[in-house]
Amino acid sequence: MQVIDFELEGEFVELNQLLKLVGLCDSGGAGKQIVASGAVNVDGTVELRKTAKIRAGQVVRVGTTEIRVG
């Protein structure tokens, strides 16, 4: 499993933008498609809200990649 540590610069980051920022997709639109497909888990639960606010302490999983938000 690949683990990515992501440091927030503000209070939160939208889920589709997070996927783009860590390099899992090329654009926010592609990130929205990944989320809509049901492939994204946030804290162990499938997340279908494309612009869900991801805050420090949350863990996002896409396939075999885990993103730890700090």
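Residues numbered from 1 in each chain as written. Predicted model: local features only at pLDDT ≥ 70, side-chain atom pairs only at ≥ 80, totals over all residues. Heavy atoms only, no water.

Visitor: If you had to explain the environment of Thr-51 to someone new, which residues and values would you point to?
Guide: Among the structural elements, Thr-51 can be located in the loop between strand E4 (45-46) and strand E5 (53-54). Take Thr-51: its relative accessible area is 42%, and that puts it in the partly exposed class. Separated by 16 residues in sequence, Thr-51 and Val-35 have C-alpha atoms that sit 9.2 Å apart. Residues within four places of Thr-51 in sequence aside, it is in contact with Glu-14, Leu-15 and Asn-16. (Helix = DSSP H or I, 4+ residues; strand = E, 2+ residues; numbered from the N terminus. Buried < 20%, exposed > 50% of the residue type's maximum accessible area, 1.4 Å probe, protein only. Contact = heavy atoms within 4.5 Å.)

Visitor: I'd like a description of helix H2 (residues 28-36), backed by residues and values.
Guide: Residues of H2 that are buried include every one of Gly-28, Gly-31 and Val-35, and no others. Across the axial projection of H2, the buried residues extend over an arc of 50°, all falling on one side. Its buried side turned inward, H2 meets helix H1 (15-21) and strand E3 (40-42). Once H2 finishes, Gly-38 follows within two positions and takes phi at roughly 85°, a positive value. (Arc of directions from axis to C-beta.)

Visitor: Tell me about the sheet that holds strand E1 (residues 2-6), and name the residues and values.
Guide: Reading across the sheet, the five strands line up as E1-E7-E6-E3-E4 and stay open at both edges, with mixed pairing between neighbours. Each having just a single partner strand, E1 and E4 make up the two edges of the open sheet. (Pairing = 2+ DSSP bridges.)

Visitor: Quick rundown of the packing of aromatic side chains? Include the residues and the values.
Guide: Each aromatic ring pair is summarised here by two numbers: the centre-to-centre distance and the angle between the ring planes. On inspection of all chains with the given rule, the structure shows zero aromatic pairs. One residue, Lys-53, lies across the ring of Phe-12, its end atom 4.8 Å from the ring centre. (Phe/Tyr/Trp six-rings, centres within 6.5 Å; stacked < 30°, edge-to-face > 60°. Lys NZ or Arg CZ within 6 Å of the ring centre and 35° of its normal.)

Visitor: Account for the pattern of salt bridges, naming residues and giving values.
Guide: Applying the stated rule across the entire model yields four salt bridges. Among the salt bridges present, the one from Arg-49 reaches Glu-47, with a minimum N-O distance of 2.9 Å. Given a relative accessible area of 12%, Glu-47 falls into the buried group. The structure contains a network of salt bridges with shared partners spanning Arg-61, Glu-66 and Arg-68. (Salt bridge = Lys/Arg side-chain N within 4 Å of Asp/Glu carboxyl O.)

Visitor: Would you mind going over the nonpolar core in detail, with residue names and values included?
Guide: Grouped together as the largest cluster of nonpolar side chains are 18 residues, with contacts concentrated most on Phe-6, Leu-15, Leu-18, Val-40, Ile-54, Val-60 and Ile-67. Every element with two or more residues in this core is listed here: E1, H1, E3, strand E6 (59-62) and strand E7 (65-69). When sequence neighbours within four positions are dropped, the list of residues in contact with Phe-6 reads Val-13, Leu-18, Leu-21, Val-22, Ile-67, Arg-68, Val-69 and Gly-70. (Core = buried A, V, L, I, M, F, W, Y, C linked by side-chain atoms within 4.5 Å.)

Visitor: Before we move on, can you summarise the pairing of E6 with the specific residues and values?
Guide: The two faces of E6 differ: Val-60 and Val-62 on one face are buried, but Val-59 and Arg-61 on the other face are not. In this structure, E3 lies alongside E6, joined through three bridges in antiparallel fashion. In the sheet register, Asn-41 faces E6, and the bridge partner there is Arg-61. Here four bridges tie E6 to E7, and the two strands are oriented antiparallel to one another. Pairing of Val-60 across the sheet is with Ile-67, part of E7. Hairpin remark: E6 followed by E7, antiparallel, with two residues in the connecting loop; positive phi at Gly-63, about 60°.

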